[in-house]
Amino acid sequence: MSNDAATAEAAGTDETTPVPEPIPHGLGASLPPADARAKTEGTFPYAADLWAEGLLWAAVLRSPHPHARIVSIDTTHAREMPGVRAVVTHEDVPGAPLHGRGGRADRPVFASEVVRHHGEPIAAVAADHPDTARMAAAAVIVEYEVLDPVTDPEQAFEAEPLHPDGNLIRHIPLRHGDPDAAGEVVVEGLYRIGRQDPAPIGAEAGLAVPRPDGGVELYLASTDPHADRDTAASCYGLTPEQVKIVVTGVPGATADREDQGFQLPLGLLALKTGCPVKLTATREESFLGHVHRHPTLLRYRHHADAEGRVVKVEAQILLDAGAYADTSSDALAAAVAFACGPYVVPNAFIEGWAVRTNNPPSGHVRGEGAMQVCAAYEAQMDKVAKKLGLDPAEVRLRNVLATGDVLPTGQTVTCPAPVAELLQAVRDFPLPALPKDTPEDEWLLPGGPEGAGEPGAVRRGVGYGIGMVHMLGAEGADEVSTATVKVQDGVATVLCAAVETGQGFTTLARQIVQDTLGVDEVQVAPVDTDQPPAGAGCRGRHTWVSGGAVERAAKMVRTQLLQPLAHQFGMSTELLQIADGKITSYDGVLSTTVAEALDGKELWATAQCRPHPTEPLDEAGQGDAFVGMAFCAIRAVVDVDIEIGSVRVVELAVAQDVGRVLNPAQLTARIEAGVTQGVGIALTENLRTPRGLIRHPDLTGYALPTALDAPDIRIVKLVEERDVVAPFGAKAVSAAPVVASPAAVASAVRAATGRPVNRLPIRPQAAVVTA
C-alpha cells in the first residue's frame, strides 16, 4: 500500500476522495480577498447602491464652455418646478469658497464669475426624482460671455492670467554637473503624451445625510476620506467634527477616484434641505468631473560617448495642468527628478513647468510624471543605439543605475536598485514564435479577425522600456498612518482608515495579523473619519505606511498575549514563537494554543508608522525628495502592418523589483493590470479636447483596451531584494509597469518600422512605412 493510500485509509477515506485544499494563511500566501465573492456575485455594496428614507436626488449643472465670463445666473424657473426642493450656486457656499488638492486651494465649489474648463460646476439641484433634478438643472439659465480658451500650454506663458494665482503653477530648474560637458554623439527629440482618463468602471456616486447637530455625513467612494472631510467642512463653514465621511465600496481606483465637484454640492444640498440627498453621475459627468493624466510636451537632447554611455541630458518638460493646480506640483517634481530615467547621468540640466490652461483639470493618475518622461528618455536611448549601430538593450545595460549611484537631484539611491538584473532577465527571455501565414492564424494579424491587413505587410519589432517610480509622498510630505488591532473570542479586528481601492490592503492586513498573532479569523472594519487618518491610497502608501502601522499594533498585542506566559515560565517574550495557532518556547517546555492563552481576554493596541522624512527640491532641483523607489523592465514584442499602421502587441515580458512578495496572486494581478493600463496609453487611450471641449465623453468614444487587446504578459522575474527601511521589505508594484510598458511598446514599434514614434498614443500614420 502506498503512503498516500495508507494516509487515506487512516483518515477513513479512499484514494479517490478529494483532499480539501489548505486555506492560505499569513504573509507570502495567496490569501483571496475577503470581498471577492460579493463582487463576483454582484452583492458588493457600492455607493450607487445606497438608499435612505426620504431620499432626494441631485443633479449638477456644468458649463458647456471651456472659458467664459458668467454674466448672470437665474435659478427662478428651476426653483419653481414641481418636486424641486433646493437649488444652490456659489452664493450658497457658507464657508471657504476655494478648495483643492496638493495643498493648494484654487478651485471654487461653483464657478461664480469665470468658467475655466468644460464641465465646471455652476449650480446643483435636489428634487424628489432623478429626472426632475436633471430637468431642473437644465432649467437654470446662465448667461455667458464666451471667451477664447487657452488650450496650448506653450501659449499659457504669454496669455492673460486665467486665474488670480497666474498661469504658472510651478517651475523646477534642475542643475547637476558640468553644463559644458559634451558627448561624441548627440541625439534630440520632441515628444507628446496625450490625456489619459482613469475611466473607472463605476462612475462617481454618493449619498449625503444631514445630522441632528447641524453637520452632515457623506457616504462616498473616497480614497482619502480625512482630506475630503476637511475640505468639505471648510466649504460648509463647519468644524471637521461636524462632517463625517463613511467610505463605501470603491469600484477600483487608479487615480483620484472622487470628483469633489459633486461631493461638495451633495453635502450643501443635504444641509439646505434637511433630507438625505443622492447623486449618481452619468458616464459623461464622470469624464467631465474627475481629473486626468497630464498631457505633456517634452524636448530632449542626449549626449553620449562613442560606446553609448550617456554624458549629459538636457530636457524641457511642460505639463498641462488644465484649469486648476490639483497635484500638478507633485507630478512635475516626479517628472523632473526622473527625467533621465534609471540611468547614471553625470550631467543633467532639466527645466520643468506646470501651467494652467482651459483644458480639463489634470491630477494624480498612477505613475504621474514618471510615465511621461519614461516614454521620452527611452526613445532617446533607442536613438543613441541606432546612431552608434549598437543593440538597444546593450546601450541601456551600459548606463543602468545601481544601489549607491546618485540621481540628478543629488539623492543617493540607498534602496535596492537591481536594474541591470531586470533588463537582462527580459532580454534573455525566449522570444515568442513568429505567426504563420495561414488562414488559421489570421487572428494574429494586427487588424485581428477579418482585419484589413495583409500578412506580407506585417513587420515584427522588439523594444524595451525601463521605468522607475517613487513610493509614498515626496518633498517633505508627512507620511503617517495609524492602526488599531483588537483580539477577542479568537477573532481579530483591524481598524485603519486605509481605503481598499483594489490594491489589496484589507487582504494584506489580514495576512499581517495572521502571521503575528496566529489568529485565523481576521476582520477589517469599514473605514470612516471617526478613525485616525491613514492618508491617500496611492504610490504604495498603504502597503508601506498602513501595513507598517498594522504590524506594529499586532506586535504590541502579541507582547500582551505572551507576557503572562513568559513571566510564568521565567523567560522573555522573545523566546516564544507563534506559528499555526500554537505558542511554543525555544526549548519546547511551553506549548499551548493561542485560543488557550487568550482565554476570553480582550487585547488591543494602537500604533503609528511614519517613514523617515524627505525634503523639498531646492532652487537647483537638488534634495533628498523621495523615501524609496521601485523599478521595472519590460520587453515588448509587437507586430505592425506597415501599410495601414495597425499595431498588435504580441507579448510583454516583465521583470520587476518588488522587495518581497507578500501575496503572489495579488501581486501578479496588480502587475498585469498595470501593464494593460500602459498598453492603453501606448495605443488607444486619448481623451480628445479640441478647443478645450471634451469630445465623446463616453466609453464608446474613449477606447479602453479590452480583454481582446491585452497581450500575453510574461512575468519572467521578480527580484526579492528587501528594502530594509520598508515594513516587510516590500515595494509598490502597480505604478512601475504602467510607467514602463508604453515606452516598451513605442520602442518595439520603432524597431519594426524605423519610424521615430514620438507621440503617445501611437497614431496609425506614425507606424506606416512608405516606399
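Residues take numbers from 1 onward in each chain, read along the sequence in its written order. Selection of residues for local features in this predicted model requires a pLDDT of at least 70, selection of side-chain atom pairs for listing and counting requires 80 or more, and totals for whole chains, interfaces and linings are taken over all residues. Neither water nor hydrogens contribute to the side-chain values; these are computed over all heavy atoms in the structure.

Remarks on the overall build of the chain
Thinking step 1. Runs of E in the DSSP output that reach at least two residues are strands. Runs of H or I that reach at least four are helices, and both are numbered from the N terminus. A tally of regular secondary structure across the chain gives 16 helices and 29 strands.
Thinking step 2. Here the radius of gyration uses the C-alpha set of atoms, whereas the globule reference equals 2.2 Å times the residue count to the power 0.38. Here the C-alpha radius of gyration of the chain, 28 Å, is about what a compact globule of 771 residues would show, namely 28 Å.
Thinking step 3. Reported as C-alpha extents along the three principal axes, the dimensions of the chain are approximately 80 × 75 × 60 Å.
Thinking step 4. Each residue is assigned to one of three classes by its accessible area relative to the maximum for its type, calculated with a 1.4 Å probe on protein chains only: buried under 20%, partly exposed between the two thresholds, exposed over 50%. For the chain, the proportion of its 771 residues judged to be buried stands at 59%.
Thinking step 5. Should any heavy atoms of two residues lie within 4.5 Å, those residues are counted as being in contact. Considering only intrachain contacts with a sequence separation of at least 6, the fraction spanning at least 24 residues in the chain is 80%.
Thinking step 6. Residues counted as positive are Lys and Arg, residues counted as negative are Asp and Glu, and His and the chain ends are not counted. For this purpose, a charge sits on NZ of Lys, CZ of Arg, CG of Asp or CD of Glu. If the 63 positive side-chain charges of the chain are averaged to one point and the 98 negative ones to another, these points end up 4 Å apart.

Some points on helix H12 (residues 505–517)
Thinking step 1. In this scheme, a helix's expected span is set at 1.5 Å multiplied by one less than its residue total. Helix length check: H12 (13 residues) gives 18 Å between terminal C-alpha atoms against 18 Å at 1.5 Å per residue, within 8%.
Thinking step 2. The element H12 is extensively covered by neighbouring structure, given that twelve of its 13 residues are classed as buried.
Thinking step 3. Among all positions in H12, only Phe505, Thr506, Thr507, Leu508, Ala509, Arg510, Gln511, Ile512, Val513, Gln514, Thr516 and Leu517 are buried.
Thinking step 4. Taken from the residues just after H12, Gly518 is the one with a positive phi, measuring 70 degrees.

Side note on a negative patch on the surface
Thinking step 1. Like-charged residues are merged into a patch within 9 Å and nonpolar side chains (Val, Leu, Ile, Met, Phe, Trp, Tyr) within 5 Å, provided each residue has over 30% relative accessible area and no salt bridge. Method for areas: the Shrake-Rupley scheme with a 1.4 Å probe, in which residue coverage is limited to the protein chains shown. Within this document, salt bridges are pairs made up of a side-chain nitrogen of Lys or Arg and a carboxyl oxygen of Asp or Glu, the two lying within 4 Å of each other. A contiguous patch of negative charge, built from Glu615, Asp618, Glu619 and Asp624, is present on the exposed surface.
Thinking step 2. Mapped onto the secondary structure, Asp624 falls in the loop between strand E25 (603–609) and strand E26 (626–641).
Thinking step 3. When its relative accessible area of 38% is taken as the criterion, Asp624 is described as partly exposed.

What to know about the packing of helix H15 (residues 664–683) against helix H16 (residues 735–753)
Thinking step 1. Helix axes use the C-alpha atoms of the stretch in contact, all axes being lines fitted to C-alpha atoms, and the angles between their N-to-C directions lie in the range 0 to 180 degrees. Viewed as axis vectors pointing N to C, H15 and H16 meet at an angle of 45 degrees, and their least axial separation amounts to 7 Å. The orientation of H15 relative to H16 falls into the category oblique. Of the two elements, H15 crosses H16, and the hand of that crossing is right-handed. Residues Ile671, Gly674, Val675, Gln677, Gly678, Val679, Ile681, Ala682 and Leu683 of H15 touch H16, and the partners they reach there are Pro737, Val738, Ser741, Pro742 and Val745.
Thinking step 2. Three categories are distinguished: nonpolar for Ala, Val, Leu, Ile, Met, Phe, Trp, Tyr, Cys and Pro, charged for Asp, Glu, Lys and Arg, and polar for the others, with Gly belonging to the last. Looking at the contact of H15 with H16 residue by residue, the class counts come to ten nonpolar, four polar and no charged. For classification, angles of less than 35 degrees are called roughly parallel, those exceeding 145 degrees roughly antiparallel, those between 65 and 115 degrees roughly perpendicular, and all remaining angles oblique. Helix crossings get a hand from a simple test, with the near helix turned counterclockwise from the far one by less than a right angle marking a left-handed crossing and a clockwise turn marking a right-handed one.

So, the packing of aromatic side chains
Thinking step 1. Note on aromatic contacts: the rings of Phe and Tyr and the six-membered ring of Trp form a pair at centre separations within 6.5 Å, being stacked when their planes are under 30 degrees apart, edge-to-face when over 60 apart, and tilted otherwise. In total, this model carries six aromatic pairs according to the counting rule given.
Thinking step 2. With a centroid separation of 6.1 Å and an interplanar angle of 85 degrees, the aromatic rings of Tyr343 and Tyr377 are classed as edge-to-face. Of this pair, Tyr343 sits in the loop between helix H8 (328–337) and strand E17 (347–356) while Tyr377 sits in helix H9 (residues 370–388), and the two are 34 residues apart along the sequence.
Thinking step 3. Since its relative accessible area comes to 2%, Tyr343 is described here as buried.
Thinking step 4. Residue Tyr377 is classed as buried on the basis of its relative accessible area of 1%.
Thinking step 5. We call a charge positioned above a ring when the Lys NZ or Arg CZ atom is no farther than 6 Å from the ring centre and deviates by at most 35 degrees from the ring normal. Of note, Lys39 hangs over the ring of Phe44, and the distance from its end group to the ring centre comes to 4.9 Å.

Quick look at the sheet that holds strand E6 (residues 114–115)
Thinking step 1. DSSP-based pairing: two strands are paired if at least 2 bridges between them are found. Strands sit in the order E6-E2-E8 across an open sheet of three strands; the sheet is antiparallel. Looking at the sheet topology across the chains shown, the edges are occupied by E6 and strand E8 (141–146).
Thinking step 2. Across two bridges, the pairing between strand E2 (residues 68–74) and E6 is antiparallel. Looking across to E6, one finds that Ala68 is bridged to Val115.

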